[in-house]
Amino acid sequence: MELEYRDRHILAPMVRVGTLPFRMLASEYGADITYGEEIVDHKIIKCQRQINESLGTIDFVEKGTGSVVFRTCDAERCRVVFQIGTSDAVRALTAAQLLCKDVAAIDINMGCPKSFSVSGGMGAALLTKPDLINDILTTLKRNLDIPVTCKIRLLPSSHNTVELAKRIEKTGVSALAVHGRKVADRPRDPAQWDKIADVVAALSIPVIANGDVFDYEDFQRIKSVTGASSVMVARGAVWNASIFKPEGKLPWESVKREYIRKSILWDNDVKSTKHTLKEMIMHHSSLELAEGKAMIRSATLANLAELYGEESYYWFVNGINGC
Ligand code: FNR
């Protein structure tokens, strides 16, 4: 099964944001490929695949705790990419094999600079270990029949980034996502689209350009500057998931409402829904105002439904007549 990686507008992997409701929302607005949040291999390996008849989903549930680590559904199988955090080829493969029939592709996170990732040898720690990268990617490629990709950041020199990208291409991956920032860069530092262009020029596989896409017009701008035909967007999508609409964005209030409805529909983890709402509210308003404070106080999806006037939808979905 091949996934088309050219000319794609892609929802980036985002911890606590990229769960099923947000992916479905982005896709409804026009995202062609939707990445799930990074999940560490150790965690997936502890999971059991369960069909959730009442929701119509496939759940990967942690044995012992019963918590849902990954939830997906048939409707997104053709476009959902599962991103793994790993530092070991065999563990990554064990994790990928558990999931590979339910997702469109497997991606390895090689860019996360956070200490929990790097201290475990994952994320950006891999960027300095090309042999390990090679081991992980070739192991996955040899044993999986869905596409394998990875997502990197820029290295200190463009030459080194290009050399690493060429080495990655040789493993047979289907595409390479490049976040146009270095490991030490902060999100407010501008993404270096020209450095992504160097990678695009050196590779034959599709390169997915990522960084600082905040409006629909930016898709075309980053494509022109980098030469990449596919673009990945993270913050621009959290702040307004309708960024994928060619006609322009919808008002964020209505996008937020739709997100809450989808969170209710797919029974999302309330912590994930609150985290996503927090990111939206912090960008457009303030957590210090009444809405932000009430959102933070909400302990359940029912509380959020009440806060946002979606009680009847909540009761409709949950099968109880609220009248
Ligand atoms: C991220 N990013 C990220 N990257 C990744 O490879 N795996 C992940 O799980 C996450 N998680 C995550 C959460 C949140 C809330 C944000 C904002 C970002 C990085 C992200 O995918 C992207 O590379 C950067 O944010 C740059 O893109 P933008 O934001 O400039 O479009």
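Everything numeric in this text was worked out from a predicted model, so none of it was measured. (Residues numbered from 1 in each chain as written. Predicted model: local features only at pLDDT ≥ 70, side-chain atom pairs only at ≥ 80, totals over all residues.)

Caption draft 1: Quick peek at the packing of helix α7 (residues 193–202) against helix α8 (residues 216–226). It is at 8 Å that the axes of α7 and α8 come closest, and there the two elements cross at 55°. The pairing of α7 with α8 is recorded here as oblique in orientation. Contacts between α7 and α8 involve W193, D194, I196, A197 and V200 on the former and, on the latter, I222, V225 and T226. Taken together, the residues of the contact of α7 with α8 break down into 6 nonpolar, 1 polar and 1 charged. (Axes fitted to C-alpha atoms, helices over the stretch in contact; angles between N-to-C directions. Helix = DSSP H or I, 4+ residues; strand = E, 2+ residues; numbered from the N terminus. Parallel < 35°, antiparallel > 145°, perpendicular 65-115°, else oblique. Contact = placed C-beta atoms within 7 Å. Nonpolar A, V, L, I, M, F, W, Y, C, P; charged D, E, K, R; others polar.)

Caption draft 2: Just the sheet that holds strand β6 (residues 68–72), in detail. Read from one edge to the other, the open sheet built from 3 strands follows the order β4-β5-β6, with strand pairing classed as antiparallel. The open sheet terminates on both sides in strands that have one partner only, identified here as β4 (47–52) and β6. The mean inter-strand angle of the sheet, taken between neighbouring strand axes irrespective of direction, is 20°. Examined bridge by bridge, β4 and strand β5 (residues 57–62) share 6 bridges and lie antiparallel to one another. The residue bridging Q50 from the neighbouring strand is D59, located in β5. (Pairing = 2+ DSSP bridges.)

Caption draft 3: View of the UniProt feature "binding site: FMN" (unreviewed entry) in the chain. UniProt records the feature "binding site: FMN" (unreviewed entry) for P13, M14, V15, Q83, K151, H179, A234 and R235 in the present numbering. Considering the arrangement of structural elements, one finds Q83 in strand β7 (residues 80–85). Beyond its immediate sequence surroundings of up to four residues, Q83 is in contact with P13, Y35, G36, E38, D107 and N109. Mapped onto the elements of the fold, K151 is located in strand β9 (residues 148–154). A count of 25 C-beta atoms within 10 Å places K151 in the buried class. Sequence-distant contacts of K151, defined by excluding residues within four places in its chain, comprise D107, N109, M110, G111, A177 and H179. (UniProt positions renumbered as here; feature names shortened; annotations may be inferred. Buried ≥ 20, exposed ≤ 12 C-beta atoms within 10 Å, placed from the backbone.)

Caption draft 4: Focus on the UniProt feature "domain: DUS-like FMN-binding" (unreviewed entry) in the chain. In the numbering used here, UniProt assigns the feature "domain: DUS-like FMN-binding" (unreviewed entry) to residues 10–280. Helix makes up 40% of residues 10–280 and strand 22%, with an end-to-end C-alpha separation of 19 Å.

Caption draft 5: Spotlight on the domain arrangement of the chain. Looking at the chain, the domain boundaries give domain 1 (9–244) and domain 2 (252–317). Look at where the C-alpha atoms of domain 1 and domain 2 centre, and you get two points 26 Å apart. With 17 residues of domain 1 in contact, the opposing surface of domain 2 contributes 17 residues. Every element with two or more residues in the side of domain 1 that touches domain 2 is listed here: α1 (20–29), β6 and α9 (235–239). With 5 residues, α1 is the single largest residue contributor to the side of domain 1 that touches domain 2. Looking at the side of domain 1 that touches domain 2 residue by residue, the class counts come to 11 nonpolar, 4 polar and 2 charged. (Domains from an automatic or database assignment.)

Caption draft 6: Highlighting the environment of R153. With respect to the helices, strands and loops of the structure, R153 is situated in strand β9. With 23 C-beta atoms packed within 10 Å, R153 lands in the buried category. Ignoring anything within four residues of it in the chain, the contact list for R153 reads G111, A124, L127, H179, R181, K182 and V183.

Caption draft 7: Examining the site of the ligand more closely. In the vicinity of the ligand lie 22 residues, with A12, M14, E38, A234 and R235 positioned nearest. Looking at the shell around the ligand, its residues break down into 10 nonpolar, 7 polar and 5 charged. (Near = placed C-beta within 6 Å.)

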